[in-house]
Amino acid sequence: RNVTPLRGVLVTDFDGTITRNDFYQIVTETLLPPGGLAPFHDYKAGTITHFEALQRIFAALRVTEVEILAAVAKAEPEPELASWIEKLASIGWKVIVTSAGCQWYIDRILSESNVDLEVHANPGRFDTHHGLLMEMPHGSRFVSEQYGIDKAAVVREMMAQGLQVAYAGDGMSDVAASLAVPDAMRFARDDLARVLTRRGVSFRPFERWGEIAAAVYEMGS
């Protein structure tokens, strides 16, 4: 069986990029107890990191496994994710997920979509008495004190291997990684799009992940 040689990598954020809805927003809007958003305000004030804010918010959840899995089910991942990954593989492109969120829910959502991807995210586990316990990815070669995962480091490593690299994201943790790729390979929406627009950096807007995959497929074919 012929294996298509690797030519390019689509490095992609997860929440709000592969999924329509951000898991963090789902839980903060539906499951968080009163006062649960205090860590986010501390992060905005600069007293704690983004990772610490997310870690404390997730740890404040006091819900059943049924409730948190119901929140996971609301994420709405790209419906054609599996077929797009297969199509990209057929032209020598692979997909790598980078996320400042927690691998605990990412793995579940990808599994439900019947895909197996390389994922760089913050490890964690769910405990009904202690919430979603997210940890720093100390075993990773892509550690960021601010976000847990250094997405730009993933992009740089792929580029150092001589591969074409595209990047897609929607948030502040995506800015550095996004700036590291060529203009035609930069996909953005929401906060990331606003930052790039302010900086006068060109990008390709998207509404759903399938649009990114289609554009990369067209460029790579």
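Structure's up top.
This section reports on the structure supplied with the text. (Residues numbered from 1 in each chain as written. Predicted model: local features only at pLDDT ≥ 70, side-chain atom pairs only at ≥ 80, totals over all residues. Heavy atoms only, no water.)

This paragraph deals with helix 10 (residues 209-220). Here helix 10 spans 17 Å end to end across 12 residues, near enough to the 16 Å set by a 1.5 Å rise per residue. Those residues of helix 10 not exposed but buried are W209, G210, I212, A213, A215, V216 and G220. Its buried side turned inward, helix 10 meets strand 1 (8-12), helix 5 (81-90), strand 2 (93-102), strand 8 (164-169), strand 9 (186-188) and strand 10 (204-205). (Helix = DSSP H or I, 4+ residues; strand = E, 2+ residues; numbered from the N terminus. Expected span 1.5 Å × (residues − 1). Buried < 20%, exposed > 50% of the residue type's maximum accessible area, 1.4 Å probe, protein only. Contact = heavy atoms within 4.5 Å.)

Hydrogen bonds between backbone atoms are what pair the strands of a sheet, whose relative direction is either parallel or antiparallel. The strand order across the open sheet formed by six strands is 3-2-1-8-9-10, and the pairing between neighbours is parallel. Of all the strands in the sheet, the pair left with one neighbour each is strand 3 (118-122) and strand 10. Across the sheet, helix 10 touches strand 1, strand 2, strand 8, strand 9 and strand 10, and the angle it forms with strand 9 is around 165°. (Pairing = 2+ DSSP bridges. Axes fitted to C-alpha atoms, helices over the stretch in contact; angles between N-to-C directions.)

Moving on, we get to the pairing of strand 1. Buried residues dominate strand 1, accounting for five of its five residues. Residues G8, L10 and T12 line one face of strand 1 and the alternating positions V9 and V11 line the opposite face, and both faces are buried. Direction of pairing for strand 1 relative to strand 2: parallel, over a ladder of five bridges. Note on strand 2: the bridge partner recorded for G8 is W93. Bridge count between strand 1 and strand 8: five bridges; the pairing is parallel. Residue pairing in the sheet places V9 in a bridge with V165 of strand 8.

On to helix 3 (residues 50-59), then. Since the α-helix advances by 3.6 residues per turn, residues separated by three or four positions end up pointing in the same direction. Considered for burial, the residues of helix 3 that qualify are F51, A53, L54, I57 and F58. Each buried residue of helix 3 sits inside an arc of 165° when the element is viewed along its axis, so together they form one side. (Arc of directions from axis to C-beta.)

In this section: the packing of helix 1 (residues 23-30) against helix 4 (residues 65-72). Running from N to C, helix 1 and helix 4 cross one another at 130°; their axes reach a closest spacing of 9 Å. Considered as vectors, helix 1 and helix 4 are oriented oblique to each other. Once helix 1 is placed against helix 4, the crossing between them reads as right-handed. Side by side, helix 1 and helix 4 meet where F23, I26 and V27 of the first sit next to I68, A71 and V72 of the second. (Parallel < 35°, antiparallel > 145°, perpendicular 65-115°, else oblique. Left-handed = near helix turned anticlockwise from the far one by under 90°.)

Residue position: Q103 is located in helix 6 (residues 103-112). The class of Q103 is partly exposed, set by a relative accessible area of 22%. The spacing of Q103 and R125 is 22 residues in sequence and 8.7 Å in space, taken between C-alpha atoms. Residues contacting Q103, with those up to four places away along its chain left out, are V119, A121, N122 and P123.

Here we come to the side chain of E78. Relative to the helices and strands, E78 resides in the loop between helix 4 and helix 5. The class for E78 is buried, based on a relative accessible area of 4%. Of the polar contacts made by the side chain of E78, one reaches the backbone nitrogen of G210; its length is 2.8 Å. Every residue in contact with E78, bar those within four places of it in the chain, is listed here: I18, W84, R208, W209 and G210. (Polar contact = N/O pair within 3.5 Å; in protein donor to acceptor, adjacent residues only side chain to side chain.)

If you walk through the whole model with that rule in mind, you get seven aromatic pairs. Between F23 and Y105, the aromatic rings sit 4.0 Å apart at their centres with planes inclined by 25°, giving stacked as the arrangement. Taken together, the residues F23 in helix 1 and Y105 in helix 6 connect sequence positions 82 residues apart. One exposure class covers both F23 and Y105, and it is buried. The structure contains a cluster of three or more aromatic residues connected by ring pairs, namely F23, F58 and Y105. The side chain of K87 reaches across the aromatic face of Y217, ending 4.9 Å from its centre. (Phe/Tyr/Trp six-rings, centres within 6.5 Å; stacked < 30°, edge-to-face > 60°. Lys NZ or Arg CZ within 6 Å of the ring centre and 35° of its normal.)

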